[in-house]
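# Structural characterization, general
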Protein chains: 2
Amino acid sequence: MKNVRVELGSRSYSVMIGPNLLARSAKLLDREEFSADPVVITNRTVMRLHGGGFLQALRRRWPRPAVILIGDGERYKDLATVRRIYDSMFRTGADRRSWIIAFGGGVVGDIAGFAAATFMRGIPFVGLPTTLLAQVDSSVGGKVGVNVRQGKNLVGAFHQPSSVLSDVLTLRTLAPRELASGLYEVIKCGAIRSEPLLDYLESRLEQVVACRPAALEKVVFEATSIKAGVVSSDELEDDLRMILNYGHTIGHGLEAATDYRRFKHGEAVAWGMIAALGFGRELGLLDDRSAARLVHLIHRVAPLPSLRGISLAHVRTAIQHDKKFRRGSVRMVFLPHLGEAEVRSDVDSRHLDLFLSRFLANPGARPTEV
Amino acid sequence: MKNVRVELGSRSYSVMIGPNLLARSAKLLDREEFSADPVVITNRTVMRLHGGGFLQALRRRWPRPAVILIGDGERYKDLATVRRIYDSMFRTGADRRSWIIAFGGGVVGDIAGFAAATFMRGIPFVGLPTTLLAQVDSSVGGKVGVNVRQGKNLVGAFHQPSSVLSDVLTLRTLAPRELASGLYEVIKCGAIRSEPLLDYLESRLEQVVACRPAALEKVVFEATSIKAGVVSSDELEDDLRMILNYGHTIGHGLEAATDYRRFKHGEAVAWGMIAALGFGRELGLLDDRSAARLVHLIHRVAPLPSLRGISLAHVRTAIQHDKKFRRGSVRMVFLPHLGEAEVRSDVDSRHLDLFLSRFLANPGARPTEV
């Protein structure tokens, strides 16, 4: 088992990463802060796949955990679900000494974290992320919240977990596209902060995709360490934290232009990174060889859904509504070198437009040679 | 104008107290953090009484403040109203650079503060409390939230304001019972922390009740300083902050037992203090003369609604559901001396029961002589 410490003063916490953590959860969470019975928030899919063993392990220490099931999917990440969670919590006698376990992927983590942030003005919560994307991204950093009809994640809070257990064996039940979607975020972490992580992925991609425990533990640990480092220096996302959005400006645009239906989040980020690399080259950033290397690695993970038929106007509107758009120019992250990121606030939106119209028409063939 | 600093590290802020602050708000809030147009959350009553001059003043600096009106009264302090606030904010183009002004009493402050805590994961807000209770109590300390059908303030957050302007001239339009309700909380502040404040109230009560600006400024300043001192040492209410609940254990019980209809909050706290004094004397705390002095001051403010017909069983149930009830014994605040408070966690609930049954039957005549 590996351990990543997220340093945030009095709200610091540990992310434990390894195989079989669910079975050891009673021991790993045996702390004063968690003396009352926990409230487990999860969904039917996660319960079916991993719930039996986990609850059995939990009951060794807490005889009567409450279990609250929410719908499986992004469309349940709303205020109505939060309200149902409050109601279930009151019904089961939860009070300010209660604590929440977010047991599932990103949707469960975001919504359970928001319930924890607001139930009786805030109670502790523990993340037990069961997808690669949640383990390397959303479970660390304290961003919690829900979607409203005006957009995604527009209501929420910063509420840091008390602890995170990333059991890499849960990743074995992921659909291949889900696993790939998380891997693109791992690649992003390497791209912005660690060339050695890219080297590792290049040499061991097959082991990772085959869910070998040691390989999963390695990539989850490295990506979590990178995210924890950034979050520790910049909790509230004013500046440094922006580099975690590499690939996300255009990625979000692609997701929104396709009504969040065509791409998994990571897949849109993958296309966003490829586009940002191409656009960065037009700005004279990153040498051709490094850019081609990263594009090649991204394409090796899995085939990406095509960009066919996506309207430039829709992508542009989404980018302009994005928080990264400020007063006519666009704020975007680029790579001056592999493993290094730079935020530029002065990206000319007409230049980006021109680039995107070419890119959408011809995003480049999958390269066979670097 | 007087200034109270609430020391909370990077979230420290100032409470400005004095007459005519509304008219000077553009100047007092001219800060980098408030560069976008504000969103003013208020209700029709406050708008009618104080809105004209305030908006005029505000427009000198921010040409297009948004104004969102919510219902006037505790029954509007719910999640449905928060949702309508989000919708109005999106409609007027609010984004993460926006900031909220909570312009009104406690309900407006709690709900606007909660909207600020959760809109786009938190934006700044400024309190402009227009009732005495809000100025001396709810506007300082960062407790924000709403009621749910299971109880009051059970969903919320800790979100500190960026600034508070307590314009004492707004208190002149308060109904006498509203003013009195706030004064009982001022008396509470003196009782737990400052005998000189009690001396001042004893000698100048008439000036305060007549809303003389200098007298109001003095009592709001002293009470705010006391609350700020407690909050600065103990933001999240684990221990010290509990002393602010003097009179509240029994007070909440009386409110709940009468469905929050018979008493204003401060009136219930006034009875709660009188009861706690009587009970404290049975425990050998506080000398008779000091207790009588405090009871006399409370009764001088205004007549209190009677306790007639209140069922002991209902009060007891409410006290036991209260957060101050822990494992069979009750946690209550007492005064060993005037100006000093002490939290006792081991109050025998049967003894409290016996005392309350006698107290409800005979709460004591208004004393005419100390």
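Our subject is the structure that appears above.
## Describing the overall build of chain A
A tally of helices and strands in chain A yields 13 helices and 12 strands. A compact globule built from 370 residues would reach a C-alpha radius of gyration of about 21 Å, and chain A, at 20 Å, matches this within 12%. Projected onto its principal axes, the C-alpha positions of chain A cover 60 × 40 × 35 Å. Across the 370 residues in chain A, those meeting the buried criterion constitute 58%. Partitioning the intrachain contacts of chain A with sequence separation of at least 6 by distance along the chain shows that 76% fall at a separation of at least 24. For chain A, the distance from the average site of its 50 positive side-chain charges to the average site of its 39 negative ones is 6 Å.

## Overview of helix H11 (residues 288-301) of chain B
Residue and element names in this part refer to chain B. Taking 1.5 Å per residue, 14 residues should reach 20 Å; H11 reaches 21 Å between its end C-alpha atoms and fits that length. Of all 14 residues in H11, 10 are buried; the element is thus mostly enclosed. Within H11, burial applies to Ser 290, Ala 291, Arg 293, Leu 294, Val 295, His 296, Leu 297, Ile 298, His 299 and Val 301. Looking at the buried positions of H11, the neighbouring elements they touch are helix H6 (176-193), helix H7 (195-209), helix H10 (265-282) and strand S11 (329-337).

## Overview of the relation of the copies chain B and chain A
The transformation that overlays chain B on chain A combines an axial shift of 0.0 Å with a rotation of 180 degrees, and the residual RMSD is 0.0 Å. In symmetry terms, the pair is related by a two-fold rotation axis. Same-surface contact between copies: 100% of interface residues of chain B are shared with the interface of chain A.

## Observations concerning the sheet that holds strand S9 (residues 163-167) of chain A
Residue and element names in this part refer to chain A. The 7 strands lie next to each other as S1-S2-S9-S6-S5-S3-S4, forming an open sheet whose pairing is mixed. The open sheet has two edge strands with one neighbour each: strand S1 (2-6) and strand S4 (66-69). The sheet shows a mean angle of 20 degrees between the axes of neighbouring strands, taken without regard to direction. Lying on the sheet, helix H2 (residues 44-59) is in contact with strand S3 (38-42), S4, strand S5 (99-104) and strand S6 (125-129); it crosses S5 at an angle near 135 degrees.

## As for the sheet that holds strand S9 (residues 163-167) of chain B
By definition, the strands of a sheet pair up through backbone hydrogen bonds, in either a parallel or an antiparallel sense. Residues and elements named next belong to chain B. Strand order in the open sheet formed by 7 strands is S1-S2-S9-S6-S5-S3-S4, and the pairing between neighbours is mixed. A strand with exactly one partner marks an edge of an open sheet, and here the two such strands are strand S1 (2-6) and strand S4 (66-69). Strand-to-strand twist across the sheet, computed as the mean angle between neighbouring axes with direction ignored, equals 20 degrees. Pairing geometry for strand S3 (residues 38-42) and S4, over 4 bridges, is parallel. Following the sheet pairing, Val 39 is matched in S4 by Ala 66. Where helix H2 (residues 44-59) meets the sheet, its contacts fall on S3, S4, strand S5 (99-104) and strand S6 (125-129), and the angle it forms with S5 comes to roughly 135 degrees. Contacting S3, S4 and S5, helix H3 (residues 79-91) crosses the sheet at an angle of about 160 degrees to S4.

## Here's the deal with the interface of chain B and chain A
Of the residues lining the interface, 29 residues belong to chain B; the matching set on chain A comes to 29 residues. Counting the surface lost from both chain B and chain A, the interface buries some 2,400 Å², and carbon and sulfur atoms represent 56% of this. It is Phe 90, Arg 121 and Leu 154 of chain B in chain B that bury the most area against chain A; as a group they hold 28% of the surface buried on that side. Across the chain B-chain A interface, the total number found is 2 salt bridges. The partner of Asp 87 of chain A in a salt bridge is Arg 149 of chain B, with the nearest N and O atoms 3.4 Å apart. Counting across the chain B and chain A interface gives 8 residue pairs in polar contact (both at pLDDT 80 or more). For the side of chain B that touches chain A, the elements supplying multiple residues, two or more each, are H3, helix H4 (106-118), strand S7 (143-148) and strand S8 (151-158) of chain B. Considered class by class, the residues forming the side of chain B that touches chain A number 14 nonpolar, 5 polar and 10 charged.

## A word on the packing of H6 of chain B against H11 of chain B
Helix-helix packing is described using two parameters, namely the angle between the two axes and the distance between the axes. Residues and elements named next belong to chain B. Two numbers describe how H6 lies on H11: the axes approach to 10 Å, and their chain directions differ by 160 degrees. When the interaxial angle is binned, H6 and H11 end up roughly antiparallel. Here H6 runs over H11; the crossing is right-handed. Facing H6, whose interface residues are Ala 180, Leu 183, Tyr 184, Ile 187 and Ala 191, H11 presents Leu 294, Leu 297, Ile 298 and Val 301. Grouping the amino acids of the contact of H6 with H11 by side-chain chemistry returns 9 nonpolar, no polar and no charged.

## A short note on the side chain of Thr 42 of chain A
Residue and element names in this part refer to chain A. Mapped onto the fold, Thr 42 is located in strand S3. Thr 42 sits in the buried class, given a relative accessible area of 0%. Polar contacts involving the side chain of Thr 42 include one to the main-chain carbonyl oxygen of Phe 103, which spans 2.7 Å. With residues near it in sequence (within four places) discarded, Thr 42 still touches Met 47, Val 67, Ile 68, Leu 69, Ile 70, Phe 103 and Val 108.

## Points about the packing of aromatic side chains
As enumerated under the stated definition, the model contains 16 aromatic pairs over all chains in all. An angle of 45 degrees between the planes, with centres 5.0 Å apart, marks the rings of Phe 90 of chain B and Phe 119 of chain B as tilted. With Phe 90 of chain B in helix H3 and Phe 119 of chain B in the loop between H4 and S6, this residue pair connects regions lying 29 residues apart in the sequence. When sorted by exposure, Phe 90 of chain B lands in the same class as Phe 119 of chain B, which is buried. Each member of the aromatic cluster is reached from another via a ring pair, and the members are Trp 271, Phe 279, Phe 334, Phe 355 and Phe 359 of chain A. Lying across the ring of Phe 221 of chain A, Lys 2 of chain A places its NZ or CZ 5.6 Å from the centre. Lys 218 of chain A extends its terminal NZ or CZ atom over the ring of Tyr 200 of chain A, reaching a point 5.3 Å from the ring centre.

## Focus on the pairing of S6 of chain A
Residues and elements named next belong to chain A. Burial runs high along S6: 5 of the 5 residues are buried. Along S6, one buried face is formed by Phe 125, Gly 127 and Pro 129 and the opposite face, lined by Val 126 and Leu 128, is buried too. Relative to S6, S5 runs parallel, the two sharing 5 bridges. Its bridge partner being in S6, Gly 104 is matched across the sheet by Pro 129. What joins S5 to S6 is helix H4 (residues 106-118), and the crossover it makes is right-handed. Pairing geometry for S6 and S9, over 2 bridges, is parallel.

## Focus: the packing of helix H10 (residues 265-282) of chain A against helix H13 (residues 349-361) of chain A
Residues and elements named next belong to chain A. Interhelical geometry of H10 versus H13 gives an angle of 120 degrees and a closest axis separation of 11 Å. Taken together, H10 and H13 sit at an angle that is classed as oblique. In this structure, H10 crosses over H13, and the sense of that crossing is right-handed. Facing H10, whose interface residues are Trp 271, Ile 274, Ala 275, Gly 278, Phe 279 and Glu 282, H13 presents His 351, Leu 352, Phe 355, Arg 358 and Phe 359. A per-class count over the contact of H10 with H13 returns 7 nonpolar, 2 polar and 2 charged.

## Let's talk about the pattern of salt bridges
Counting across every chain of the model gives 42 salt bridges over all chains. Note that Lys 227 of chain B is salt-bridged to Asp 137 of chain B, the shortest N-O span being 2.9 Å. Taken together, the residues span a long stretch of sequence, with Lys 227 of chain B in helix H8 (residues 213-233) and Asp 137 of chain B in helix H5 (residues 132-138) at a distance of 90 residues. The two residues Lys 227 of chain B and Asp 137 of chain B agree in class, both being buried. In this structure, the salt-bridge partner of Lys 218 of chain B is Glu 222 of chain B, at a minimum N-O distance of 3.0 Å. Residue Lys 218 of chain B and its partner Glu 222 of chain B are located together in helix H8, separated by 4 residues, close to a single helical turn. A cluster of three or more residues bridged by salt bridges with shared partners is formed by Glu 74, Lys 77, Asp 110 and Lys 152 of chain A.

What counts and how
Think of each chain on its own: its residues are numbered from 1, step by step along the sequence as written. Labels are handed out in written order, letters beginning with A for the chains and numbers beginning with 1 for the ligands. Under the rules for a predicted model, residues below a pLDDT of 70 receive no local features and side-chain atom pairs below 80 are neither given nor counted, while totals for whole chains, interfaces and linings still include all residues. In computing side-chain values, all of the structure's heavy atoms are included and hydrogens and water are not. Numbering of helices and strands starts at the N terminus; helices are DSSP runs of H or I of at least 4 residues and strands are runs of E of at least 2. The globule rule used here is 2.2 Å times the number of residues to the 0.38 power, and the radius of gyration it is set against is calculated over C-alpha atoms. Throughout this description, buried means an accessible area under 20% of the type-specific maximum (1.4 Å probe, protein chains only), exposed means over 50%, and partly exposed covers the range between. We call two residues in contact whenever any of their non-hydrogen atoms come within 4.5 Å of each other. When charges are counted, Lys and Arg contribute as positive and Asp and Glu as negative, whereas His and the chain ends are disregarded. Here the site of a charge means atom NZ of a Lys, CZ of an Arg, CG of an Asp or CD of a Glu. To estimate how far a helix should extend, the number of its residues minus one is multiplied by 1.5 Å. Residues reaching a pLDDT of at least 70 in both copies supply the C-alpha atoms on which the copies are superposed by least squares. Pairing between two strands is assigned when DSSP locates at least 2 bridges connecting them. The convention used is that axes are lines fitted to C-alpha atoms, helices contributing only their stretch in contact, and that angles between N-to-C directions extend from 0 to 180 degrees. Defined here as a combined quantity, buried area equals the accessible surface (1.4 Å probe) lost by two parts on assembly, summed across both. By salt bridge we mean one thing: a side-chain nitrogen of Lys or Arg within 4 Å of a carboxyl oxygen of Asp or Glu. Whenever a nitrogen or oxygen atom comes within 3.5 Å of another N or O atom, the pair is scored as a polar contact, on the condition that within protein one atom can donate a hydrogen and the other can accept it, and that pairs from neighbouring residues in sequence are kept only if both atoms are in side chains. Each residue receives one of three labels: charged for Asp, Glu, Lys and Arg, nonpolar for Ala, Val, Leu, Ile, Met, Phe, Trp, Tyr, Cys and Pro, and polar for the others, Gly being one of them. Oblique is the label for every angle not falling under 35 degrees (roughly parallel), over 145 degrees (roughly antiparallel), or within 65 to 115 degrees (roughly perpendicular). Left-handed describes a crossing whose near helix is turned anticlockwise from the far helix by less than a right angle; the clockwise case is right-handed. Pairs were defined over the aromatic rings of Phe, Tyr and Trp, the Trp ring being its six-membered one, requiring ring centres within 6.5 Å. Orientation was assigned from the angle between planes: stacked under 30 degrees, edge-to-face over 60, tilted for the rest. Note on geometry: a ring has a charge over it if NZ (lysine) or CZ (arginine) is within 6 Å of the ring centre and within 35 degrees of the ring normal. Seen with its strands pointing away from the viewer, a crossover is right-handed when the path leading from the first strand over the helix to the second is clockwise.

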